Structures are given as structure tokens and as C-alpha cells.
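Structure assessment
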Amino acid sequence: MASTIQLIDLLGAVALLLWGLDLIKTGVLAAFGTQLRQWLARGTRNRVSAAFWGFVATLGLQSSTATAVLIASFTARDLVRPRMAQAMMLGANLGTAVVTVVLSSDLHWLGSALIFLGVWLSKGGGAERSRAIGRAVLGLGLMLLALQLLGAVTAPLRAAPTVAMVLSALADAPVIAAIVAALLAMLGSSSLAVVVLVMMLAAAGVVGPELALTLVAGANLGGAVPPFLAVQGEGIAARRLTLANLVVRASGALVVVIAADPLARAVSQVAQDPANFVVLAHLSFNLTLLLVFLPVLDGVGQLAARLLPTPRTEDRTAQSYLDDSLLGMPEMALAVAAREALRLGDVTGAMLGRARDVLTTGEEAAIAAIAGLEQEVDGLHEAIKLYVARLNRGALTAQEERRAQDIMSYAINLEHVGDTVNRGLAGIAAKRARKNLSFSDEGLAELTEFLTIRARTSSWRRRFSCRAIRCSHGV
């Protein structure tokens, strides 16, 4: 009975830790989400800068998983280049390790004060940003309280025979130990929580250095799986990015499992305290991956491209730039809506090109292709219209309101162009083919001149891009 109560206490403490992490993530995103996304999009001048901003983002969100999903979303929408995004991933992994260093400090006395302050801010009548900051502060206080509970729960486990038997078996099977830690990180969507748990077990003398090192490596591997699963609907670029991150962590975990004994001895020479050993192992693991893979990001990207090749036929609508998670941040939402409108312009331009070919050849297959493109134009127009309409117009500035109107006008005009091509030009071409008619030289010349609007459409798209996207601060 006593062991069952200990297990329940342990699960409760871990759940409280995960809840605190989630409160910090949601609070920081709500309070500083727009600025954070802009900083991430700006910080791609070079690899070192990109890694730094990924590191900073994780310090704020307290979760490399959340940062990875955010960066992958940017990559899927062409807001961040894949190579720079991978550098951000490496920096984000290091950020999680630094968070562990902070949590390993004896700050339990601060937990109650932060919980009080967080509740006061989040329940007060202040601005929305103040309440969001309050949630983040409350989450940090709950994390510190969870660490205190974990310390109290794990101390008696040292004398538990069942725990000793299980951990002894894991120590003799490092591959299984790494897999167990990876599964725990996957289930909790947090490598940080698992590393903190290992740190507490090591401090209680329950796990030895080699097993602790293996568990840390497994937790880092498992932490890369949730982002990969979360972006399966985001397009090939996002999937490749998270797959590359998974490959990087898997290679590091493999090295640790193979060379756990000498690596554990090396780390023990620097950190004799068991808890500090785990913290240093976690920090060294991610710092080493950063230093090793940052210079060879091109090779990592090429490997991910080979493992995940581009499908021959890929659904265009599945790669929509529109992201519902950005609706609460109008500036970012308008930026992706503008990009989707530009994609609508590309499809309309393709229709005009097909129309010119249809009028000269009269092929029925080309006429059917125009009809298919018209359906795509209608779908994109409807999606953009509904997305912009879902923005909270009361929260928009005057400049953002004008941008929203520009985007809607542009999309509506392009939809009208699509209708004209499909019902007018394609209809004329179908009638010409059905009755075996031909245009006079003068008539064909006039139609060809009319369809030079395709070139002017490209010019409109460029001017619209300068007007509608330049306000997104580098995004």
C-alpha cells in the first residue's frame, strides 16, 4: 500500500511539473507571442544568430517542443529558411538544458511567492498581457513546488526493493533504459520533465551515473518525437525540419548509449554531486550537438531530404499559409493571409496561361484543367475571406485594418479574374473546338494582347507584396 501511495505522489508531482510548464508556455505566448515570432523571423542572418534566438525562445517558453513546433510552422510558410530553422532547433535544445541548470538551484523558497504573485496577476482586473504574465509566473511557481514534491517523493525510493530491482535491470540494458526515457518524454511532450525526474532520482541515490547518463540521452531523443508528429499536416518543409532534429538527437543518443561508461567517468570528474552530474550531462549533450552539427547543417538538410523525399503530387491546399494559431496576433495573421493571397495570384496567373494555350489549340484537356484551377481559386478565395473575417476587428490598429482591406480586395479581384477566364475565355475555346471554328488573324492578335494581362498580374503581385508584407517586420 505504501508503494502505491508513493507512486501516486510521484505521478502527481510530475503532472504538476508538466502543468507548470504548460502555463509558462501559454502565458509567454499570449503576452509576448507576436514579439517572439518577429524575433525568431528576424534572427536568421547567420547560423549563430539563428541558434541564439532559438535558445532565447526556449528560455522564455520553457519548452523546446513548443519552440520546435513554432519554428516548423514558420518553415512550412516560408518565413524562415530550412537551414536557419535547423540552427534555431539546435539553440532551442541547448535552451532546455540551461533551464535545467536554473531548476537545479535551491529556489523552492521562491515557489510560494511566485504562486501568490501569479494568482494575483492572472485574477486581477488588469490588461490581458498582465494576466498572461501572471499565468507564466504562476507556472514557474508551480514548477518549483513540483520540484520540492519530487524531492520528498523520491527520497524514500532508495530503500524500495522493487525500484532497486527495476533500475538494476535497466542499468544492465542501456538500450532499454534509453527507450524507456524516450517514451516518458514522448508521453509528457517534455524532455525537461524527464531530466528533472532523473535528477531527483540521482540526488536520492536511486540511479547511478551510467544509468542517469543513458536516461538523459533517451529523454533528449524522446523530446524530438512530439514536434515531428505535431507537424505532419504542415507540409514537407516542416516535416523535414523536425525529422532532421530527430536524426541529430538520435545520433547523439546512440553515441551516449555506446560509450556510456567512459562518458560517465568524464562527467563525474567535473560534477561529483549526483544532481549536478545529471544537469551537466544534459547541458553537455546539447552543447556538443550544437557545436558538432551547426557547421554541417547543409548535410543534415540533405539527409532529411533523402529520408523524406518530396511527393510527386502534393496537395496544394494542404500547404496553406493560413494558421489558426496566429489569429490572436493580428500582425502575424495578416502576414500569412497576404502570402496566401499571393499564392491565389499564382494560380490565377496559371489560369491565364492555360487560357492563351486553349484559345490557340482548343484542346479539351486544357479546358478541363482551367475548370480545375477555377475550383482552386474559389477555394483559396473563400479560405482567405473567412480567415480575415475571423480576426478580432476591435483589436486591429488602423494600419492593420487597412492591410486587411487590401488583402480582401486583392483576393476578390483575383477571384473575379478566375471567373472571367473560366466562364468567358474557356467557354469561347470550347465553342470553337466544338464547331471547328477558327479566329481571324486580327481577332487572335487581340486576344493575345488581352492575355498579356498575365504579365501585368505578376507586376500587381509584386507591388501588393511590397505593400502587404513589408509591415510584418521581416516576416
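See the structure shown above.
Described in the following lines is the structure provided in the data block. Bear in mind the structure is a predicted one, so any value in this text is a computation, not a measurement.

Scanning the protein chain from N- to C-terminus turns up 20 helices and 0 strands. For the protein chain, buried positions account for 49% of its 475 residues. Summarising the internal contacts of the protein chain: among those between residues at least 6 apart in sequence, 82% fall at separations of at least 24. As presented, the protein chain carries roughly 22000 Å² of accessible surface, and 62% of it is formed by carbon and sulfur atoms.

A separate point is the environment of Ala275. Among the structural elements, Ala275 can be located in helix H14 (residues 274-293). Using a relative accessible area of 14% as the deciding quantity, one classes Ala275 as buried. The contacts of Ala275, once residues within four sequence positions are left out, are Met199 and Ala203.

Turning our attention to a nonpolar patch on the surface. Residues Val175, Ile176, Ile179, Val180, Leu183, Leu184, Met186 and Leu187 make up a contiguous nonpolar surface patch of about 710 Å² in total accessible area. With respect to the element layout, Ile176 can be found in helix H8 (residues 174-188).

Across its 22 residues, helix H4 (residues 82-103) extends 32 Å between first and last C-alpha, which sits within 8% of the 32 Å expected from 1.5 Å per residue. Taken across its 22 residues, H4 has 17 buried, putting it largely inside the fold.

Formed by 86 residues in total, the largest nonpolar core has its most connected members in Leu103, Leu150, Val196, Val207 and Val278. Here this core gets 11 residues from one element, more than from any other, and that element is helix H9 (residues 191-203). Leave out the neighbours within four places in its chain, and Val207 touches Leu167, Val198, Leu201, Ala202 and Ala212. Of all hydrophobic cores here, the second largest spans 30 residues; its members include Leu322, Ala333, Leu334 and Ala338.

This part is about the side chain of Glu340. Looking at the element boundaries, Glu340 is found in helix H16 (residues 330-361). Reaching out from Glu340, the side chain makes a polar contact with the side chain of Arg343 at a distance of 2.9 Å. For Glu340, the contacting residues outside a window of four places in its chain are Ser320, Tyr321, Leu322, Leu380 and Ile384.

Let's shift gears to the packing of aromatic side chains. Enumeration according to the criterion identifies 1 aromatic pair in this entry. Aromatic pair Phe52 and Trp53: ring centres 5.4 Å apart, planes at 75°, arrangement edge-to-face. Judged by its relative accessible area of 46%, Phe52 is partly exposed. For Trp53, a relative accessible area of 23% puts it in the partly exposed group.

For the structure on display, the rule yields 5 salt bridges. Between Asp298 and Arg47 there is a salt bridge, with the nearest N and O atoms lying 3.7 Å from each other. Here Asp298, found in helix H15 (residues 297-307), pairs with Arg47, found in helix H2 (residues 47-61); they are 251 residues apart in sequence, far enough to count as distant. Two residues, Glu382 and Lys385, come together in a salt bridge whose shortest N-O distance is 3.2 Å. Separated by 3 residues within a single helix, Glu382 and Lys385 lie in helix H17 (residues 364-389), roughly one turn from each other. Overall, Glu382 belongs to the partly exposed group, its relative accessible area being 34%. Connected via shared salt-bridge partners are Arg47, Arg83 and Asp298.

What counts and what doesn't
- Residues numbered from 1 in each chain as written.
- Predicted model: local features only at pLDDT ≥ 70, side-chain atom pairs only at ≥ 80, totals over all residues.
- Heavy atoms only, no water.
- Helix = DSSP H or I, 4+ residues; strand = E, 2+ residues; numbered from the N terminus.
- Buried < 20%, exposed > 50% of the residue type's maximum accessible area, 1.4 Å probe, protein only.
- Contact = heavy atoms within 4.5 Å.
- Areas by Shrake-Rupley, 256 points an atom, 1.4 Å probe, with all protein chains shown as cover.
- Patch = residues over 30% accessible without salt bridge, like charges linked within 9 Å, V, L, I, M, F, W, Y side chains within 5 Å.
- Salt bridge = Lys/Arg side-chain N within 4 Å of Asp/Glu carboxyl O.
- Expected span 1.5 Å × (residues − 1).
- Core = buried A, V, L, I, M, F, W, Y, C linked by side-chain atoms within 4.5 Å.
- Polar contact = N/O pair within 3.5 Å; in protein donor to acceptor, adjacent residues only side chain to side chain.
- Phe/Tyr/Trp six-rings, centres within 6.5 Å; stacked < 30°, edge-to-face > 60°.

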